[in-house]
Amino acid sequence: MRYLFLILICVVCTPLFAQKDQIWAGDTLFITSTNLKSVDAKMYFGIVADTSQHLTIEKVQKLPDNQYLSLQKNLQNLNSKYIHWAKIIIQNRTEGADVWSVQTWANFTEFYVQKPDSALRMRKGGTWRKKSEMENNFHHRSRISFHLKPQETLTVYVKIHQVDQFSISSRFNFSKDSQESSRLKQFLIERNLIQGIFQGMLWIMIVYNLLVFMSVRDRSYLYYAFYLAGAALYFSFRTGLISEYVIYEIPQVLPYIWLLSIVFTSLFYYLFTRAFFDTALNFPKLDRIIRIWIGCKIVITLFLFLSLLLFTNSKLQLDLGVILVPLEGIIGLYVLYILGKKAGKLATFFIIGNLSLLLSGLFYTITLNLSLNGLLVRDEDFFVLLLELGIVIEMVFFSLGLGQRMEINERDKRSAQEGLIVQLRENQLLQEKVNRELEEKVRERTFQLSEKNEEIVRQNEEIGLQKSLIEKKNHNITASITYAKRIQEAMLPKNEQIRQYLPDFFVFFRPRDIVSGDFYFVEKIDSTVVVAVADCTGHGVPGAFMSLIGNDLLNEIVSLGRTIEPDQILYQLHRRIRQALRQAQNEVRDGMDIAVCSINLVEAQIQFAGAKNPLVVVKNGNLEHYKGSLMPIGGFQKEEERIFAKQTINLEKGVETMLYLFTDGFQDQFGGENRQKFMLKNFKNLLLNMHTLPLEKQENTLLTTFENWKNKTDQIDDILVFGIRLLV
């Protein structure tokens, strides 16, 4: 056992003693065959650190060989803070002459070739060297070529300056220039073809998802488009397209592009995941983890940008990547596990696409780190291609998932609308039935009371029971109508969506009953924003029913049909209302009064058309009242075609303009000391007096004025006022 221990000590310590022999032996690289193509030249290089930063080529030429260290034995121990000088001696022992090259990789390099019978030759290169400073082929930034005659000996000196704090690359090659040029040409052809196809696929999907987002306003498509844009940027950097065709004169920004592309892709991937599965609502615990991780990545990114800016420390990105990539993989797998467990069939496409990218990305990251640390010699382009294949597979499955999600959303929307219509009809029938039953019971009990006073107690008890039943049914009806209110509110455009089109607006909306016959509609088609304010026949349940029909028809006409002319919108709405209610065959006369504006800030123009409802425009302290046509939407029609007049209003540049669209509820409200109507004249004076106020105060002014005027009088109709402030 004692001898075994001594042997083990010798085996362990032998490399330590061997490391002391680090002096370069001055070995010469002999070319002994004309068939030689390429040599890994590390074992033939000697290297010396310029700690003073003042060595010139003349001083380096005078250094004795014993001051050089063996490059192969000391590559991992070299301090990247210093400038290094490398030296190699090459001798051609064949009878043939050929063009050869010495190549390495660093941020900045200077090659010096010394032949016995010629002057010293110098050429600059490097991954951070500007294209204008290099004489040789742009793709071989760190290479020098030379003609080597039979039996000729030359010495090559290489000045290496590594700025980004990576260790000096292990790639020191010696090869025939003709062979290298041929391989380079073939590589560029294959790379440009593959990247052309790959980048084309990515940008087609980016444009497609942006168009879908502008149509449906679903943030999932926007985040997915940005995620693909980050991937396109990363692979443009990784394959050299950006450095060769975009920033060839400012290559020092490459580390920033690398960091930006990685962070951009990762952040929008998680934002896409949150929006696609609505994790804030459906998976709150998972959503909290994702938000924390996004916050951590933002902090880490700011730290890395600062380290690049102050210390040019690109290696820190890679070192942190060794820690973050496994953590990212764990979080990604946990997200997939939770979604696969709880999100149902919709998560299948998402999981398959993620796993394909996760596996290819994990394999690529491991091999990249091994290569950069000199532990693996590999064809990096093959693994980049493997990573791109993972992106393509993920893109296919994500697209399938988005398509399925859109189909599910449309199906749920149709189902909800149909359910609401059925519920409203059932509620109306139930209310009519209850009213009939109540009338019959009251008549019956009154007759019995007139004949038999002794039955009063029993009859009162029965009436009490009926009252309880009616109250219960009315409660159920009220609950159903209250639920219908939630659906109607979901139908109306959200303030966040309107603010994307019209940054400065307010909506004063007060239904008379739980649900309303008034509604508003906002949609953007290209550079035109269409705004409509409508007052349907009746209020309460009948009015709400008509508002659903009106909103759906406006979606078909504007959102799907992309009609933006106000008079055409009203014309099509009138025809479709009459068709939907079959008013040509029955006595149904329901319809709506409506005002429609098409606002184009690019052309500084407003187009207006109204069916009985007007538009009020206030600018420069002046109020202009644009009346709508006298005929409503829907109802009885004796004319052959119902035509609605269109009016055009030009906006003045630099002048604030207030638009007011409203229904007749405010002006028709009874109140005041004499219980009379508020009247349109007083309403317009109110708008003129308050039009310069901030929109929030304008809305409060309307509310205060209405409550003071109405006082204890009942509200007689639904009220809707839509105000917009424009500035071009």
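Everything quoted here is computed from the prediction, not taken from an experiment.

A count of helical and extended segments in the protein gives 18 helices and 24 strands. Put simply, the protein has 728 residues, and 46% of those count as buried. The contacts of the protein with a sequence gap of at least 6 include a subset with a gap of at least 24, amounting to 74%.

Strands sit in the order S12-S24-S21-S17-S18 across an open sheet of 5 strands; the sheet is antiparallel. In this open sheet, the two strands that pair with only one neighbour each are strand S12 (505-510) and strand S18 (622-626). For this sheet, the mean angle separating the axes of adjacent strands, direction not counted, is 15°. Contacts from helix H18 (residues 695-710) reach S12, strand S21 (657-662) and strand S24 (719-726), with the element oriented near 20° to S12.

This part is about helix H17 (residues 680-690). Of the residues making up H17, those classed as buried are Phe-683, Leu-686, Leu-687 and Met-690. Taken end-on, H17 shows its buried residues confined to a sector of 95°, consistent with a single buried face. Those residues of H17 that are exposed and angled more than 90 degrees off the buried face are Lys-681 and Asn-689. The inward-facing, buried residues of H17 abut strand S17 (615-619), S21, H18 and S24.

Attention now goes to the pairing of strand S14 (residues 528-536). With respect to burial, S14 is a largely interior element, 9 of its 9 residues being buried. Covered by surrounding structure in S14 are Thr-528, Val-530, Ala-532, Ala-534 and Cys-536 together with Val-529, Val-531, Val-533 and Asp-535, the residues of both alternating faces. Two elements, strand S13 (residues 518-525) and S14, share 8 bridges in a ladder whose sense is antiparallel. Note that in S14 the partner of Glu-523 across the bridge is Val-530. The turn joining S13 and S14, which pair antiparallel and follow one another in sequence, is formed by 2 residues; a positive phi near 55° is taken by Asp-526. Here S14 runs beside strand S15 (residues 591-600); their pairing, made up of 9 bridges, is antiparallel.

On to the pattern of salt bridges. Across all of its chains, the model carries 14 salt bridges by this definition. Here Asp-504 and Arg-725 are joined by a salt bridge, their closest N and O atoms 3.9 Å apart. In this pair, Asp-504 sits in the loop between helix H14 (495-501) and S12 while Arg-725 sits in strand S24, placing the two residues 221 residues apart along the sequence. Using a relative accessible area of 31% as the deciding quantity, one classes Asp-504 as partly exposed. The class of Arg-725 is buried, set by a relative accessible area of 13%.

This paragraph deals with the pairing of strand S16 (residues 605-611). With 6 of 7 residues buried, S16 lies mostly within the body of the structure. With 6 bridges connecting them, S15 and S16 associate as antiparallel partners. Across the sheet, the residue bridging to Asn-600 is Gln-605, located in S16. With 4 bridges joining them, S16 and strand S20 (residues 647-650) adopt antiparallel strand pairing. When the bridges of S20 are listed, Phe-608 appears paired with Gln-647.

Our next topic: the sheet that holds strand S11 (residues 172-176). The 4 strands are arranged S2-S11-S6-S9 in an open sheet whose pairing can be described as antiparallel. With one partner strand each, in any of the chains shown, strand S2 (38-40) and strand S9 (143-148) form the two edges of the open sheet. Sheet twist, expressed as the average angle between the axes of neighbouring strands with direction ignored, equals 20°.

To continue, consider helix H7 (residues 254-277). Because each turn of an α-helix spans 3.6 residues, side chains separated by three or four positions in sequence point in the same direction. In a regular helix each residue adds 1.5 Å, so 24 residues correspond to 34 Å; H7 covers 35 Å between its end C-alpha atoms and thus fits that length. Burial analysis of H7 places 18 of its 24 residues in the buried class, which makes it a mostly covered element. Just downstream of H7, Asp-278 is the residue with a positive phi angle, here 50°.

With that settled, the discussion passes to unusual backbone geometry. Residue Arg-675 is not a glycine yet carries a positive backbone phi of 55°. Mapped onto the elements, Arg-675 comes out in the loop between strand S22 (670-671) and strand S23 (676-677). In this structure, Met-679 takes a positive phi of about 80° despite not being glycine. Relative to the assigned elements, Met-679 resides in the loop between S23 and H17.

The rules behind these values
- Throughout, a residue's number is its position along its own chain's written sequence, starting from 1.
- Since the coordinates come from a predicted model, pLDDT governs what is reported: local features require at least 70, and pairs of side-chain atoms require 80 or more to be given and counted, while whole-chain, interface and lining totals use all residues.
- Calculated side-chain values reflect all of the structure's heavy atoms, with hydrogen atoms and water omitted.
- Under the DSSP-based scheme used, a helix requires at least four consecutive residues in state H or I and a strand at least two consecutive residues in state E, with every element numbered from the N terminus.
- Buried residues are those whose accessible area, probed at 1.4 Å on protein chains only, stays under 20% of the maximum for their type, while exposed residues exceed 50% and partly exposed ones sit between those limits.
- Any two residues whose heavy atoms approach within 4.5 Å at even a single point are treated as in contact.
- The rule for pairing is simple: two strands pair if DSSP sees at least two bridges between them.
- The axes used here are C-alpha line fits, helices contributing only the stretch in contact, and every angle between their N-to-C directions lies in the interval 0 to 180 degrees.
- Picture the helix axis, draw a direction to every C-beta atom, and the arc is the one those directions span.
- We define a salt bridge as a side-chain nitrogen of Lys or Arg found within 4 Å of a carboxyl oxygen belonging to Asp or Glu.
- In this scheme, a helix's expected span is set at 1.5 Å multiplied by one less than its residue total.

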